[in-house]
Amino acid sequence: MQALPRQDYVSLSLPGPAGGGYNNSKQWRRQSCWRKWKQLSSLQRSLILFILMLLFICGLAVYPTVTEHLRALCMGLTDGEHNTDNHSIQKPAIPHVLEEPVKQEQPLLPEKLPQRHQYNKRGPPLLQNHSKKKENSSDTAAAGKKDGERKREEGVISWRGSVIDTDQTTEGAKDAKKEDSAKLSKEIETSWPKAVQEAFKHAWKGYKEFSWGHDELRPVSKSYNEWFGLGLTLIDSLDTMWIMGLSEEFEEAKAWVATELSFNKNVDVNLFESTIRILGGLLSTYHLTKDELFLDKAKDIGSRLMPAFNTPSKIPYSDVNIGKGIAHPPRWTSDSTVAEVASIQLEFRELSRLTQEPQYQNVVAEVMDKIHKLGGKLDGLVPMFINTNNGQFTHQGIFTLGARADSYYEYLLKQWIQGGKKEEGLLQDYLQAIEGVKKNLLQKSSPNGLTFVGELSHGQFSPKMDHLVCFLPGTLALGAHNGLPADHMDLAKELMQTCYQMYAQMETGLSPEIVHFNMHQGSIRDIDVKLADRHNLLRPETVESLFYLYRLTKDQKYREWGWEILQSFNKFTKVSSGGYTSINNVRDPDYPSPRDKMESFFLGETLKYLYLLFSDDPDLISLDKYVFNTEAHPLPIWPSTE
Ligand code: DMJ
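Keep in mind the model is a prediction, meaning the values are calculated, not measured.

A. How the structure looks around the state of the cysteines. The tally for this structure, following the rule as stated, stands at one disulfide. A disulfide bridge connects C470 with C499, and the sulfur atoms are separated by 2.1 Å. On the S-S bond that ties C470 to C499, the torsion sits near -95°, and the link is left-handed. Here C470 is found in the loop between β16 (464-466) and α17 (472-481), whereas its partner C499 is found in helix α18 (residues 486-504), with 29 residues between them in sequence. Each member of the pair C470 and C499 is classed as buried.

See below:
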């Protein structure tokens, strides 16, 4: 086909008043305007100037709205290019495949919840504040509301119109609140866990129909994505189905594990991901079911991962070919990330305990021991990379609780708990790290003073926080429950509020991958989201922490927040033919732009934690008997006799 000549502009020739060209006409208009201006009285001139000033100020006030729209227009192009998980990049897909945002069956009327979850109020910052105030003054129904409920609504109102709790309740209001809470609790127990089961079944339907036995569902294109080729979603979901009592689904998945799952494959797998999802999933399913099938499979994959530790430093490589028994680092570096090498211990230690073969525990203990002794930390905080040849930290001076470091901190505490709280070194490293967080990374946002965990780069603080950091409130609460300082629980509650706001302040009610907090006085909102960070991958960290906070405080608000989040997932990520999809833009409820991928952790973690959050059976995976690995697979706390 012949290419058409490119035309970048259209030329117009405009006649001037005296037949002149464009330049003359412009000059003529300028002169005539000036003449007219001179003929005006000074009062008229002042009036015009005043109106112009007013227009200019109004223009500034709506500026965020304008930019939001422009950004939304660009989203499809830019966000699709950003992927933090190293999986294949999916093109943004058409939105009409998402479930129509009709009201789903809601066991609780939205009016009964504190007014935080009202999509029609979402909008640009200034409008929201404005509409909320107006609504408060004119809403006569509000006058009849119970004291406790009204007090809640009197909390600080964020720019999106959501309420940030302030604890100013009177005694009478507290009683009313208790009554409300008991009623709510009953309703929650009966219907909310069912709503999570329904969500799981819908996700499973898509997986079963379009990607059975493959790694991840692509719900929009009704196909699948292969990462390791090991049925990742199926394995990650096993214990969730068991916990939810979905026996039919569990049995068909078990049959697949028995007949189809083989690790004798010439594939490269990531050591960390396959340990937390596959080894962790199989071990926890074995514990819940006592079915030897899962232990046999766990031993098989565990032993195939061992070559990763054959490195000069004993710090493992990131990748292993489980068929050939050869491990290697990524092509571009000989570094591994600290989170990856220090978040495989719970699983390997448990494998040793079950098999009575010490080699699994030994290799991961050596990694912990090396990191424990390394220099280059800052008040217990670790850099993000470690070299597999010399065993030293690399890219030093950068500290985060987010990607590449997060679960190092989580596993310090959890190994200590798993082993019966005897391993002093782990505890000391954990306590020191939390002090390091307080000293170096903790700040408050403006205007509402949300506590957040930022990052440090060569002494320079950045108010950036990954959604991944939202594991921290749960971990801190778990530590406090196990006898660590009570102020860890205080911090857990503050950070929980922040993580909730990362959802509540977005137009879809879903958190972006990364947020930036405003710290300067006079900011109009606490949270900003950069264009490239607006995606939501159906991640679990916030609902994970909500589960811990609810279990350990019994404060009903954490369940309400979880319920809001579930509804937002249903509204903006549910695909009608089955499955849920990650999305590109949490700021655009009209075009969230599906990414066409359902991560295995949505079934393995997000829905499991939501179910446990709503279930009122404290023995359903008791926190005094089990410790969850970083992929939400519960492993037993070792009996004190061992
Ligand atoms: C999961 O695989 C694990 O929770 C991991 O620790 C972090 N990333 C995902 C979920 O976000």
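B. The site of the ligand, seen in detail. Taken together, the neighbourhood of the ligand is formed by I276, R277, L468, R539, P540, E541, F601, E605, T630 and E631. R539 has a polar side-chain atom sitting 2.7 Å from an oxygen atom of the ligand. Burial of the ligand by the surrounding chains reaches 92%, relative to a free accessible area of 290 Å². Secondary structure elements with two or more residues in the shell around the ligand: α10 (271-289) and α21 (600-614). When the residues that make up the shell around the ligand are grouped by side-chain class, the tally is four nonpolar, one polar and five charged.

C. Summary view of a nonpolar patch on the surface. On the surface, L47, I48, L49, F50, I51, L52, L54 and L55 cluster together to form a nonpolar patch covering roughly 790 Å² of accessible area. A residue is classified by how much of its surface remains accessible, and I48, at 35% relative accessible area, is partly exposed.

D. Highlighting the sheet that holds strand β14 (residues 455-457). Reading across from one edge, β11-β14-β15 is the order of the three strands in this open sheet, with antiparallel pairing throughout. Each of the sheet's edge strands pairs with one partner strand only, and the pair in question is β11 (398-399) and β15 (460-462). Summarising the sheet, β11 and β14 pair through two bridges and their orientation is antiparallel. When the sheet's bridge partners are listed, I398 is paired in β14 with S457.

E. Representation of the side chain of D319. Among the structural elements, D319 can be located in strand β6 (residues 319-321). Buried and unpaired, D319 has no salt bridge, with R331 as the nearest side chain of opposite charge at 8.6 Å. For D319, the residues in contact, after removing those within four places along its chain, are V269, N270, I326, A327, H328, P329 and P330.

F. Representation of helix α8 (residues 232-244) in the model. Taking 1.5 Å as the rise per residue, α8 with 13 residues should run 18 Å; its terminal C-alpha atoms sit 19 Å apart, in good agreement. Looking one or two places after α8, you find G245, whose phi comes out positive at around 75°.

G. Region of interest: the packing of aromatic side chains. Under the defined criterion, the tally for this structure stands at 24 aromatic pairs. Note on F547 and F628: the rings are 5.7 Å apart at their centroids and 80° apart in plane angle, and the pair reads as edge-to-face. Of this pair, F547 sits in helix α19 (residues 541-553) while F628 sits in strand β19 (residues 626-628), and the two are 81 residues apart along the sequence. Residue class for F628 comes out buried when judged on its relative accessible area of 1%. An aromatic cluster of three or more residues is present, and its members are F200, W204, Y207 and W212.

H. Local environment of the sheet that holds strand β8 (residues 335-337). Strand order in the open sheet formed by three strands is β8-β9-β10, with antiparallel pairing between adjacent strands. Each end of this open sheet is capped by a strand with a single partner; those strands are β8 and β10 (393-394). Where β8 and strand β9 (residues 385-387) come together, three bridges link them in antiparallel fashion. Looking at β9, one finds that S336 is bridged to I386.

Cut-offs applied
Residues numbered from 1 in each chain as written. Predicted model: local features only at pLDDT ≥ 70, side-chain atom pairs only at ≥ 80, totals over all residues. Heavy atoms only, no water. Disulfide = S-S within 2.5 Å. Helix = DSSP H or I, 4+ residues; strand = E, 2+ residues; numbered from the N terminus. Buried < 20%, exposed > 50% of the residue type's maximum accessible area, 1.4 Å probe, protein only. Near = heavy atom within 4 Å. Polar contact = N/O pair within 3.5 Å; in protein donor to acceptor, adjacent residues only side chain to side chain. Areas by Shrake-Rupley, 256 points an atom, 1.4 Å probe, with all protein chains shown as cover. Nonpolar A, V, L, I, M, F, W, Y, C, P; charged D, E, K, R; others polar. Patch = residues over 30% accessible without salt bridge, like charges linked within 9 Å, V, L, I, M, F, W, Y side chains within 5 Å. Salt bridge = Lys/Arg side-chain N within 4 Å of Asp/Glu carboxyl O. Pairing = 2+ DSSP bridges. Lys, Arg positive; Asp, Glu negative; His and termini not counted. Contact = heavy atoms within 4.5 Å. Expected span 1.5 Å × (residues − 1). Phe/Tyr/Trp six-rings, centres within 6.5 Å; stacked < 30°, edge-to-face > 60°.

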